[in-house]
Amino acid sequence: MTDLLDLWWVWMAAALALAVIEVMVPGFIFLGFALGALAMVAVVLAAPGFSAAALLATFAGLSLVAWILLRIVFRKQSTGARIVHDDINDT
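Not measured: the values here are computed from a predicted model.

### Brief notes about the side chain of Glu-22
Tracing the sequence through the fold places Glu-22 in helix α2 (residues 8-24). Notably, Glu-22 is buried but unbridged: the nearest opposite-charge side chain belongs to Arg-71, and the N-O separation is 11 Å. Separated by 3.0 Å, the side chain of Glu-22 and the backbone nitrogen of Leu-31 make a polar contact. The residues touching Glu-22, leaving out its near neighbours within four places in the chain, are Gly-27, Phe-28, Ile-29, Phe-30 and Leu-31.

Shown next as structure tokens:
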């Protein structure tokens, strides 16, 4: 299994599959995992030779960081809803 996880294209395929699942599922659940898998491409290319446990732990950590960053980014976006303080009939 370590040999399979050491290949960069496996992580790229996982990122693509998770991105496709994200399009089909409402919410931003799988986008963090897709970004984590995409970041794993760089990790595998930069430092090959990690064990399977280290690769999966790195993927989990990167996915968690990506998910937290996505929550921060999407929380700042306004829904466009306007809050009305005065009733138009109160004149």
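Let us keep going from here.
### A short note on the nonpolar core
Soluble globular proteins tend to bury their nonpolar side chains together. Within the largest apolar cluster, ten residues are counted, these being Leu-5, Trp-11, Ala-15, Ala-37, Met-40, Val-41, Val-44, Ala-52, Leu-55 and Phe-59. For this core, the elements supplying multiple residues, two or more each, are α2, α3 (31-46) and α4 (52-75). The greatest single-element share of this core, amounting to four residues, is contributed by α3. Here Met-40 is in contact with Trp-11, Leu-55, Thr-58, Phe-59 and Leu-62, once residues within four sequence places are set aside.

### Regarding the packing of α3 against α4
For the pair α3 and α4, the least separation of the axes is 7 Å and the interaxial angle reads 130°. As judged from the angle between their axes, α3 and α4 are oblique. The two elements α3 and α4 cross, and the hand of that crossing is right-handed. Across from Leu-31, Gly-32, Phe-33, Leu-35, Gly-36, Ala-37, Ala-39, Met-40, Val-43 and Val-44 in α3, the residues of α4 making contact are Leu-55, Thr-58, Phe-59, Leu-62, Ser-63, Ala-66, Trp-67 and Leu-70.

### Thoughts on a nonpolar patch on the surface
Together, Leu-4, Leu-7, Trp-8, Trp-9, Met-12, Leu-35, Leu-38 and Leu-45 make up a nonpolar patch on the protein surface, roughly 760 Å² of accessible area in all. Mapped onto the nonpolar patch, the elements with two or more residues apiece are α2 and α3. Judged by relative accessible area, which is 32%, Leu-7 ranks as partly exposed.

### Points about the side chain of Ser-63
By the element assignment, Ser-63 lies in helix α4. With residues up to four places along the chain from it excluded, the contact list for Ser-63 reads Gly-32, Phe-33 and Gly-36.

### Side note on the packing of aromatic side chains
This model, assessed by the stated rule, comprises three aromatic pairs. Plain terms: the ring middles of Phe-30 and Phe-33 are 6.5 Å apart, the flat faces sit at 50° to each other, and that makes the pair tilted. Between Phe-33 and Phe-59 the ring centres are 6.5 Å apart and the planes differ by 35°, which places this aromatic pair in the tilted class. Taken together, the residues span a long stretch of sequence, with Phe-33 in helix α3 and Phe-59 in helix α4 at a distance of 26 residues. For Phe-33, a relative accessible area of 38% gives the class partly exposed. Of the residues examined, Phe-59 reaches a relative accessible area of 17% and is grouped as buried. Through successive ring pairs, a cluster of aromatic residues spans Trp-11, Phe-30, Phe-33 and Phe-59.

About the criteria used
Residues numbered from 1 in each chain as written. Predicted model: local features only at pLDDT ≥ 70, side-chain atom pairs only at ≥ 80, totals over all residues. Heavy atoms only, no water. Helix = DSSP H or I, 4+ residues; strand = E, 2+ residues; numbered from the N terminus. Buried < 20%, exposed > 50% of the residue type's maximum accessible area, 1.4 Å probe, protein only. Lys, Arg positive; Asp, Glu negative; His and termini not counted. Salt bridge = Lys/Arg side-chain N within 4 Å of Asp/Glu carboxyl O. Polar contact = N/O pair within 3.5 Å; in protein donor to acceptor, adjacent residues only side chain to side chain. Contact = heavy atoms within 4.5 Å. Core = buried A, V, L, I, M, F, W, Y, C linked by side-chain atoms within 4.5 Å. Axes fitted to C-alpha atoms, helices over the stretch in contact; angles between N-to-C directions. Parallel < 35°, antiparallel > 145°, perpendicular 65-115°, else oblique. Left-handed = near helix turned anticlockwise from the far one by under 90°. Patch = residues over 30% accessible without salt bridge, like charges linked within 9 Å, V, L, I, M, F, W, Y side chains within 5 Å. Areas by Shrake-Rupley, 256 points an atom, 1.4 Å probe, with all protein chains shown as cover. Phe/Tyr/Trp six-rings, centres within 6.5 Å; stacked < 30°, edge-to-face > 60°.

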